[in-house]
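Report on the structure
The primary structure of each chain is shown beneath.
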Amino acid sequence: MSQVGTVEAGSRHDLRVGKSPDAPDEGAFHDEQAGAFGYVHSYETSSRYDGPGLRAVLFVSGCLLRCSYCHNPDTWHLKDGTYVSAQQVIDRLSSFAPALRALDGGLTISGGEPMVQIDFTRRIFAAARQMGLHTAIQTSGFLGDRADDGFLSCLDLVLLDIKSSDPDTYRKVTGRELAPTLRFAERLAAAGKPVWVRFTLVPGATDDPANVEGIARFVAPMKNVAWVEVQPFHQLGAFKWKAMNLEYKHVDTSRPTPELVNRVIGQFRAAGCNAR
Ligand code: SF4
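Report follows, based on the coordinates. (Residues numbered from 1 in each chain as written. Predicted model: local features only at pLDDT ≥ 70, side-chain atom pairs only at ≥ 80, totals over all residues. Heavy atoms only, no water.)

A separate point is the pairing of strand 6 (residues 157-161). On any regular strand, side chains alternate: one points to one face of the sheet, the next to the other face. For strand 6, a buried count of 5 out of 5 residues is recorded, marking the element as mostly surrounded by other parts of the structure. In terms of strand pairing, strand 5 (residues 134-139) meets strand 6 through 4 bridges, oriented parallel. Opposite A136, over in strand 6, you have L157 as the bridge partner. (Buried < 20%, exposed > 50% of the residue type's maximum accessible area, 1.4 Å probe, protein only. Helix = DSSP H or I, 4+ residues; strand = E, 2+ residues; numbered from the N terminus. Pairing = 2+ DSSP bridges.)

Here is the structure:
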């Protein structure tokens, strides 16, 4: 059993490792305490990028994907996160709630993958809702089958990463299968749940026109998708791979040029998506 610590403010760009060496493996995690405790990387209090308005963003630990361009490999393992009580997170959030409400914002839970610790995530979203906060989850959708209707009802917005439309490319860049993400997207569309699709544009990995076209054609008919956001690859996480002694395939990958970004946004718009 991990020692209960204190949830730390900071930034997604801070390196946090080895905080809970006794934590279980994220792939075999069974939450016997129904989300009363969880493993957390950090939180930010003033993001403008993770949903509408001003957001508090909680970065939870644990992810089953291994994206080759991941900016936060220190969120993959529960053992790297700090073990905290949900109540502590909720108490902290309540002190920011008036400012978040006043600035039309709310709470975003990101990671890692928030559905690894779905009961912990659910508990915090439920409390945020009681505070009158808008709620958003940032997810790859890979564990979407874990989200029951009660969980979805706690969410005002899903920020859904679709990393590729091609199963082989998806497997190559994430190490996992594409189908669960598409299944989750279709379920959200059927439920009319608001979604912003996010696509990370990585030169040489995800920028193939046919790959972009496939996502655009899949998303365009979905009336619940308000935005497709093209997120240019950057190197801000490269130092984490080095510090964690992980093999990083994108040492020489450049940031996408403005022309490439415009081409990709243009492809989404041409298919009928609101893209930015
Ligand atoms: S899903 Fe997100 S946190 Fe997980 S490996 Fe991919 S980029 Fe990293």
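Moving on from the coordinates now.
Here the focus is the packing of aromatic side chains. Here the structure, examined in full by the defined rule, presents 7 aromatic pairs. Aromatic side chains F199 and F268 sit 6.0 Å apart centroid to centroid with 65° between the ring planes, which places their arrangement in the edge-to-face category. One end of the pair, F199, is in strand 7 (residues 195-201); the other, F268, is in helix 8 (residues 258-271), and 69 residues separate them in sequence. Relative accessible area serves as the criterion here: at 0%, F199 is assigned to the buried category. Grouped by ring-pair contacts, the aromatic residues F37, Y39 and Y83 constitute a single cluster. The lysine or arginine in question, R276, covers the ring of W196, its NZ or CZ lying 4.8 Å from the ring centre. The ring of W227 has R276 lying over it, and the distance from NZ or CZ to the ring centre is 4.1 Å. (Phe/Tyr/Trp six-rings, centres within 6.5 Å; stacked < 30°, edge-to-face > 60°. Lys NZ or Arg CZ within 6 Å of the ring centre and 35° of its normal.)

Let's shift gears to helix 4 (residues 167-174). Every buried residue of helix 4 is accounted for by Y170, V173 and T174. Within helix 4, the buried residues cover an arc of 80° as seen down the axis, which keeps them to one side. For helix 4, the exposed residues lying more than 90 degrees away from the buried face are D168 and K172. Downstream of helix 4 by a residue or two, G175 has a phi angle that is positive, lying close to 80°. (Arc of directions from axis to C-beta.)

On to the site of the ligand, then. Taken together, C63, L65, C67, C70, W76, G112 and K163 are the residues near the ligand. Split by residue class, the shell around the ligand holds 5 nonpolar, 1 polar and 1 charged. (Near = heavy atom within 4 Å. Nonpolar A, V, L, I, M, F, W, Y, C, P; charged D, E, K, R; others polar.)

In contact at an axis separation of 9 Å, helix 6 (residues 209-219) and helix 8 are set at 35° when each is read in the N-to-C sense. By crossing handedness, the relation of helix 6 to helix 8 is classed as right-handed. Between helix 6 and helix 8, the contacting residues are P209, V212, E213, I215 and A216 on the first element and R263, V264, Q267, F268 and A271 on the second. Of the residues that constitute the contact of helix 6 with helix 8, the class distribution is 7 nonpolar, 1 polar and 2 charged. (Axes fitted to C-alpha atoms, helices over the stretch in contact; angles between N-to-C directions. Left-handed = near helix turned anticlockwise from the far one by under 90°. Contact = heavy atoms within 4.5 Å.)

In this structure, L58, I124, F151, V219 and F268 are the most contacted members of the largest nonpolar core, which totals 79 residues. With near-sequence residues (within four places) excluded, V219 lies in contact with I162, V197, V225, V228 and C273. (Core = buried A, V, L, I, M, F, W, Y, C linked by side-chain atoms within 4.5 Å.)

This brings us to the side chain of S61. Here S61 is to be found in the loop between strand 2 (55-60) and strand 3 (82-85). Residue classification places S61 among the buried residues on the basis of a relative accessible area of 0%. Setting aside anything within four residues of it in sequence, one finds S61 in contact with Y39, V40, H41, T75, H77, L78, G81 and Q117.

This part is about helix 5 (residues 179-191). The terminal C-alpha atoms of helix 5, which comprises 13 residues, lie 18 Å apart, in line with the 18 Å expected from a rise of 1.5 Å per residue. Of all the residues in helix 5, the buried ones are P180, T181, F184, A185 and L188. Viewed along the axis of helix 5, the buried residues span an arc of 140°, placing them on a single side of the element. Where helix 5 is buried, its residues touch strand 5, helix 3 (149-153), strand 6, helix 4, strand 7 and helix 6. At the C-terminal side of helix 5, G192 shows a positive phi close to 70°. (Expected span 1.5 Å × (residues − 1).)

For the rest of this paragraph, the subject is the sheet that holds strand 1 (residues 37-47). Think of a sheet as strands paired side by side through backbone hydrogen bonds, with each pair either parallel or antiparallel. Across the sheet, which stays open at both edges, the 8 strands sit in the order 3-1-2-4-5-6-7-8 with mixed pairing between neighbours. The open sheet terminates on both sides in strands that have one partner only, identified here as strand 3 and strand 8 (225-232). Taken pair by pair, the neighbouring strands of this sheet meet at an average axis angle of 30°, ignoring direction. Sheet analysis places strand 7 next to strand 8, joined by 7 bridges and oriented parallel. Residue V197 lies in a different strand from strand 8, and its bridge partner there is V228.

Looking now at the pattern of salt bridges. For side chains of opposite charge, pairing can occur when their charged atoms come near one another. Applying the stated rule across the entire model yields 19 salt bridges. The closest approach of N and O atoms between D161 and K163, which form a salt bridge, is 3.9 Å. Each of R12, E44, D50, R198, E229 and R276 takes part in salt bridges that share partners, so that together they form one network. (Salt bridge = Lys/Arg side-chain N within 4 Å of Asp/Glu carboxyl O.)

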